[in-house]
Amino acid sequence: MKIFLDTAEIEEIRTAARWGVLDGVTTNPSLYAKVGGSYDEILKEICKITSGPVSAEVVSDDVEGMLTEGRHFAKLAPNIVVKVAMSENGLEAISRFAAEGIKTNCTLVFSTNQGFLAAKAGASIISPFVGRLDDINQDGMTVIRELAEAFSIHEIECEVLAASIRNPLHMTQSLLAGAHIATLPFKILQQMVHHPLTDKGIAQFKKDWAAAQATAAK
Ligand code: G3P
């Protein structure tokens, strides 16, 4: 399973890249709003840090507007993937982008049928939102599992990206559900690194090492 960071914060992306665990980045208007500045410049900077897919989201409601925005993003760097929200116009835009060879990530997917249609239209990635389904008392992971299984059965090339990841358990569950990609906030990536027994073990090793050195020096 590939790991994407769900952020527009450059330093977080640089850190994950240094750790050797970064396969790509997803952004959206809300994440961009947290950092501000020029969206184009941020995207270009991110694309310099990772050669993996970097999602840039269009905000138009109409097909031509989506196409204009998406074509502009696609020119910024070769690894840009145009993010399009699930809708009737979104499907049309995805289909047109596919015909032009522009990769897309269909976002705001909340059902297996939506994901299937997006893949059919030509999306290279679909993004079911796990946390937001859990928020309304529906099991978000079911959509991930169903889509991963359906795409495997029917040999559909589209990748299932688990989005709206809210905790480390969602990552483990996505891994086991067959998600091809999971995108997560940097804080959750840090949580995945740590375990209290690891920290305790490191402290104990340091203590024992220092004691052995002190004995050897006598
Ligand atoms: O990847 C989608 C993500 O940004 C949404 O997360 O936590 O706002 O549902 P959340």
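Structure first, text after, so check above.
Residues numbered from 1 in each chain as written. Predicted model: local features only at pLDDT ≥ 70, side-chain atom pairs only at ≥ 80, totals over all residues. Heavy atoms only, no water.

Asks: Please clarify how the overall build of the chain should be interpreted in this entry.
Replies: Counting its secondary structure elements, the chain contains 11 helices and 8 strands. Taking the principal axes of its C-alpha atoms as reference, the chain extends roughly 80 × 35 × 30 Å. Put simply, the chain has 218 residues, and 44% of those count as buried. The contacts in the chain between residues at least 6 apart in sequence include a share of 55% that link residues at least 24 apart. In the form shown here, the chain has an accessible surface area of approximately 11500 Å², with 55% of it arising from carbon and sulfur atoms. Distance between charge centroids for the chain: 9 Å, based on 20 positive and 26 negative side chains. (Helix = DSSP H or I, 4+ residues; strand = E, 2+ residues; numbered from the N terminus. Buried < 20%, exposed > 50% of the residue type's maximum accessible area, 1.4 Å probe, protein only. Contact = heavy atoms within 4.5 Å. Areas by Shrake-Rupley, 256 points an atom, 1.4 Å probe, with all protein chains shown as cover. Lys, Arg positive; Asp, Glu negative; His and termini not counted. Charge placed at Lys NZ, Arg CZ, Asp CG, Glu CD.)

Asks: Would you mind showing me how to read the nonpolar core here?
Replies: It is characteristic of soluble globular proteins that their nonpolar side chains tend to be buried jointly. Membership of the largest hydrophobic core comes to 56 residues, with the highest contact counts inside it found for Phe73, Ile80 and Ile126. Residues within four places of Ile126 in sequence aside, it is in contact with Asn105, Cys106, Gly115, Ala118, Ala119, Leu147, Phe151, Cys158, Glu159, Val160 and Leu161. Grouped together as the second largest cluster of nonpolar side chains are 6 residues, Phe4, Leu161, Ala163 and Ile181 included. (Core = buried A, V, L, I, M, F, W, Y, C linked by side-chain atoms within 4.5 Å.)

Asks: Help me understand the site of the ligand in this model?
Replies: Around the ligand, the surrounding shell consists of Asp6, Asn28, Phe129, Arg132, Ala163, Ser164, Arg166 and Thr183. A distance of 2.6 Å is found between an oxygen atom of the ligand and a side-chain nitrogen or oxygen belonging to Asp6. Contacts to the ligand include Asn28, whose side-chain N or O atom sits 3.1 Å from an oxygen atom. In isolation the ligand exposes 310 Å². Once the protein is present, 80% of that is buried. Judged by its atoms lying within 2 Å of the grid points, the ligand is housed in the largest pocket. (Near = heavy atom within 4 Å. Polar contact = N/O pair within 3.5 Å; in protein donor to acceptor, adjacent residues only side chain to side chain. 1 Å grid on protein atoms, 1.4 Å probe; cavity = no way out; pocket = protein on both sides within 12 Å on 5 of 7 lines; lining within 4 Å. Sits in = over half its atoms within 2 Å of the grid points.)

Asks: Explain the layout of surface pockets to me, please; I cannot follow it from the model alone.
Replies: One way to see where empty space is left: roll a probe the size of a water molecule over the atoms. For the largest pocket, the calculated volume is near 470 Å³. Together, 28 residues line the largest pocket, and Asp6, Asn28, Ser30, Leu31 and Arg132 are the ones closest to its centre. Counting residues per element, the ones that place at least two in the lining of the largest pocket are helix H2 (29-35), strand E5 (104-109) and helix H10 (186-193). Considering every element that reaches the lining of the largest pocket, the biggest residue donor is H2, with 5 residues. Grouping the constituent residues of the lining of the largest pocket by class yields 11 nonpolar, 8 polar and 9 charged. Looking at the second largest pocket, its volume works out to about 190 Å³. By residue class, the composition of the lining of the second largest pocket is 8 nonpolar, 3 polar and 3 charged. (Points joined across faces, edges and corners; volume = space filled by probe spheres on them. Nonpolar A, V, L, I, M, F, W, Y, C, P; charged D, E, K, R; others polar.)

Asks: Help me understand the sheet that holds strand E7 (residues 159-162) in this model?
Replies: One closed barrel holds the 8 strands; their spatial order is E1-E2-E3-E4-E5-E6-E7-E8, and the pairing between them is parallel. Taking each pair of neighbouring strands and ignoring which way they run, the sheet shows an average axis angle of 30°. Bridge count between strand E6 (residues 125-128) and E7: 2 bridges; the pairing is parallel. Its bridge partner being in E7, Ile125 is matched across the sheet by Glu159. Strands in contact with helix H3 (residues 39-49) are strand E2 (24-26), strand E3 (54-57) and strand E4 (80-85); relative to E3, the strand with the most contacts, it is inclined by about 170°. Packed onto the sheet, helix H5 (residues 88-100) meets E4 and E5 and runs at close to 155° relative to E4. (Pairing = 2+ DSSP bridges. Axes fitted to C-alpha atoms, helices over the stretch in contact; angles between N-to-C directions.)

Asks: Any chance you could explain helix H6 (residues 112-121) here in plain terms?
Replies: In an α-helix there are 3.6 residues to a turn, and that puts residues three or four apart on one side. Among the residues making up H6, those that are buried are Thr112, Gly115, Ala118, Ala119 and Ala121. Check the buried side of H6 and you find it contacts H5, E5, E6 and helix H8 (140-153).

Asks: Sorry, what's going on with the state of the cysteines here?
Replies: Working definition of a disulfide: a covalent bond connecting the sulfur atoms of two cysteines. In the structure shown here, the tally under the stated rule is 0 disulfides. For Cys47, which is in no disulfide, the shortest distance to another cysteine sulfur is to Cys158 and amounts to 20 Å. Among the residues examined, Cys47 registers a relative accessible area of 12% and is labelled buried. Counting only cysteine sulfurs, Cys158 is the nearest neighbor of Cys106, a cysteine outside any disulfide, at a range of 8.5 Å. Overall, Cys106 belongs to the buried group, its relative accessible area being 0%. (Disulfide = S-S within 2.5 Å.)

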